[in-house]
Amino acid sequence: MWRELLPVGRHPDSGGYRRYAWTGADAECRAWFRQQAEDRGLAYEVDRNGNQWAWLGDPAAGDAVVTGSHLDSVPDGGAFDGPLGVVSSFAALDELRGRDVEFAKPLAIVNFGDEEGARFGLACVGSRLTAGQLTAEQAHRLTDGDGTTLPRAMEAAGYDPDAIGPDPERLARIGAFVELHVEQGRALDLSGDPVGVASAIWPHGRWRFDFRGEANHAGTTRLVDRRDPMLSYAETVLAARREAELAGAVATFGKIAVEPNGVNAIPSLVRGWLDSRAADQDTLDTVVGGIEKAAREYADAHGVDLDVVRESFTPVVEFDHALRDELGRILGEDTGLKVPVLGTGAGHDAGILSGSIPTAMLFVRNPTGVSHSPAESAAEDDCLAGVRALADVLEGLVRR
């Protein structure tokens, strides 16, 4: 399964993946998922929001155990973020069948659409729509860098954008969702453990900073006469690093758009996107508030106007304590495997769904901690340990 997915959406120059929502690469991933489901005799379906499901047993029976993740990627992302969870889910099902496990509950594997938000700028679109955290009206306004709206993209891919929206009936059928994911950090590498259980997801969000100045000639405009938004932006990037360091948080300006974007032109607009995350809400508010305060001071100093817009936000997610403890019991007592519990600063579909159903996560060791990069990696032995751990968890949940 892993070898089949490896070439899909991989850029020949960067070696990274560009599996964006509702593109050709996304369609290939979806076809692969459907084939895996059909090869195993699972009932395949696509829900109203474009998420793919593969069912063993009757979904209507309720209290289903669901696992899975996503197959899309960030720009030039790695091979493991998302796909490891989906591949491991099918492999875990194969393992359970090899053990002749009797399923007392329905089991499903899911591929949530547009988790990374690489194309339309909002993460976890598929799960947000399902959970009612994103309305159809809001989703219809999402636009990619080329001006294509989400509805147009879905239609071009053969899906009905008019059907999207909350799906409480589907969520009501689910008793537990467990997502396996490569760790995006080095906690497991430092502890020497191949697999870990998630405790919580830090609160995090995305803010857009629009610095508006005055376009002019780069060669003839005196420095004193300039209203250059790039200066304010650059100073704000440094302020973000300072504020994050002081608070023990993280803050990143990782995307920028410049107008008119000419080598010999002073910009009229510099638009930068801030991603910030912290262990608690108060710390995050302090960091973002400090960055915005500094940005406004820099903008005033250079005669530049500034607008700040919060484009998305996810509060702290405490995974269901009973389910988390059950995972620890299954993996610890039943197998003797030592499994550490750790938090994460990365967002996931399991985090989005946690407000609607019990969710939990398993992490597989990442030896370098690198993620959202072609250098992202995990050892085969650790991946197999993840499959066995997921199979043990699913066995314990479908039997109880």
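Residues numbered from 1 in each chain as written. Predicted model: local features only at pLDDT ≥ 70, side-chain atom pairs only at ≥ 80, totals over all residues. Heavy atoms only, no water.

Novice: Any chance you could explain the pairing of strand E7 (residues 204-212) here in plain terms?
Specialist: Consecutive residues of a regular strand have side chains that alternate between opposite faces of the sheet. Counting buried positions over the nine residues of E7 gives seven, a clear majority of the element. Inspection of the sheet shows E7 paired to strand E11 (residues 269-277) by nine bridges, in the antiparallel sense. Its bridge partner being in E11, Asp210 is matched across the sheet by Arg271. Strand direction decides the pairing type here: E7 and strand E12 (residues 305-314), joined by nine bridges, are antiparallel. Note on E12: the bridge partner recorded for Phe209 is Val308. (Buried < 20%, exposed > 50% of the residue type's maximum accessible area, 1.4 Å probe, protein only. Helix = DSSP H or I, 4+ residues; strand = E, 2+ residues; numbered from the N terminus. Pairing = 2+ DSSP bridges.)

Novice: Hey, could you run me through the environment of His302 in this one?
Specialist: Examined against the element boundaries, His302 turns out to sit in the loop between helix H10 (281-301) and E12. Overall, the relative accessible area of 23% leaves His302 in the partly exposed class. Residues His302 and Ser232, 70 residues apart in the sequence, show an inter-C-alpha distance of 7.0 Å. A polar atom in the side chain of His302 sits 3.2 Å from the side chain of Glu235. (Polar contact = N/O pair within 3.5 Å; in protein donor to acceptor, adjacent residues only side chain to side chain.)

Novice: Whenever I open this one, helix H9 (residues 229-247) confuses me. Can you help?
Specialist: Because an α-helix completes one turn every 3.6 residues, residues spaced three or four positions apart along the sequence face the same direction. In this model, H9 (19 residues) spans 27 Å end to end at C-alpha, consistent with the 27 Å of a helix rising 1.5 Å per residue. Residues Pro229, Ser232, Tyr233, Thr236, Ala239, Ala240 and Ala244 constitute the buried set of H9. End-on, the buried residues of H9 take up no more than an arc of 130°, which puts them together on one face. Looking at H9, the residues exposed on the side facing more than 90 degrees away from the buried face are Leu238, Arg241, Glu245 and Leu246. (Expected span 1.5 Å × (residues − 1). Arc of directions from axis to C-beta.)

Novice: Whenever I open this one, the packing of aromatic side chains confuses me. Can you help?
Specialist: The geometry of an aromatic ring pair is captured by the separation of the ring centres together with the interplanar angle, meaning the angle of the planes. A complete count under the given rule lists twelve aromatic pairs for this structure. Ring plane angle 85° and centroid distance 6.0 Å describe the contact between Trp32 and Phe90, whose orientation is recorded as edge-to-face. With Trp32 in helix H2 (residues 24-39) and Phe90 in helix H3 (residues 83-98), the pair connects residues that are 58 residues apart, well separated along the chain. Residue classification places Trp32 among the buried positions, given a relative accessible area of 8%. An aromatic cluster is present here, built from Trp32, Phe33, Tyr44 and Phe90 joined pairwise through their rings. For the cation-ring pair, Lys255 lies above Trp273, with the distance from its terminal atom to the ring centre recorded as 4.6 Å. (Phe/Tyr/Trp six-rings, centres within 6.5 Å; stacked < 30°, edge-to-face > 60°. Lys NZ or Arg CZ within 6 Å of the ring centre and 35° of its normal.)

Novice: What is the right way to read the packing of helix H11 (residues 321-332) against helix H13 (residues 380-399) from this model?
Specialist: When two helices pack together, you describe them by how their axes are tilted relative to each other and by the distance separating the axes. Where H11 contacts H13, the two axes come as close as 9 Å, and the packing angle between them is 115°. Regarding the angle of H11 to H13, the classification is roughly perpendicular. The two elements H11 and H13 cross, and the hand of that crossing is right-handed. Taken together, the residues of H13 that come into contact with H11 (itself represented by Leu323, Glu326, Leu327, Ile330 and Leu331) are Ala389, Asp392, Val393, Gly396 and Leu397. Partitioned by chemical class, the residues of the contact of H11 with H13 number seven nonpolar, one polar and two charged. (Axes fitted to C-alpha atoms, helices over the stretch in contact; angles between N-to-C directions. Parallel < 35°, antiparallel > 145°, perpendicular 65-115°, else oblique. Left-handed = near helix turned anticlockwise from the far one by under 90°. Contact = heavy atoms within 4.5 Å. Nonpolar A, V, L, I, M, F, W, Y, C, P; charged D, E, K, R; others polar.)

Novice: It is not clear to me how H2 should be interpreted in this structure. Could you clarify?
Specialist: The terminal C-alpha atoms of H2, which comprises 16 residues, lie 22 Å apart, in line with the 22 Å expected from a rise of 1.5 Å per residue. Buried residues along H2 sit in contact with helix H1 (2-5), strand E1 (43-46), strand E2 (52-56), H3 and strand E4 (107-111). Downstream of H2 by one or two residues, Gly41 has phi in the positive range, about 70°.

Novice: Any chance you could explain the sheet that holds E12 here in plain terms?
Specialist: In sheet architecture, strand pairing relies on hydrogen bonds along the backbone and comes in two forms, parallel and antiparallel. Taken in spatial order, the four strands line up as E9-E11-E7-E12 in an open sheet, and their pairing is antiparallel. A strand with exactly one partner marks an edge of an open sheet, and here the two such strands are strand E9 (250-259) and E12. Ignoring strand direction, the axes of neighbouring strands in this sheet form an average angle of 15°. Bridging between E9 and E11 involves nine bridges; their strand directions are antiparallel. Along E11, the bridge assignment pairs Val258 with Val270.

Novice: Which parts of the structure should I look at to understand the environment of Trp207?
Specialist: Following the sequence through the fold, Trp207 ends up in strand E7. The spatial distance from the C-alpha of Trp207 to the C-alpha of Glu311 is 5.5 Å, given a sequence separation of 104 residues.

Novice: Please explain unusual backbone geometry as it appears in this structure.
Specialist: In terms of backbone geometry, most residues other than glycine have negative phi values and most peptide bonds are trans. Here the amide bond leading from Glu259 into Pro260 is cis, since omega sits at 0°, within 30 degrees of zero. In this fold, Pro260 is placed in the loop between E9 and strand E10 (265-266). A positive phi angle is found at Asn261, which is not glycine, with a value near 70°.

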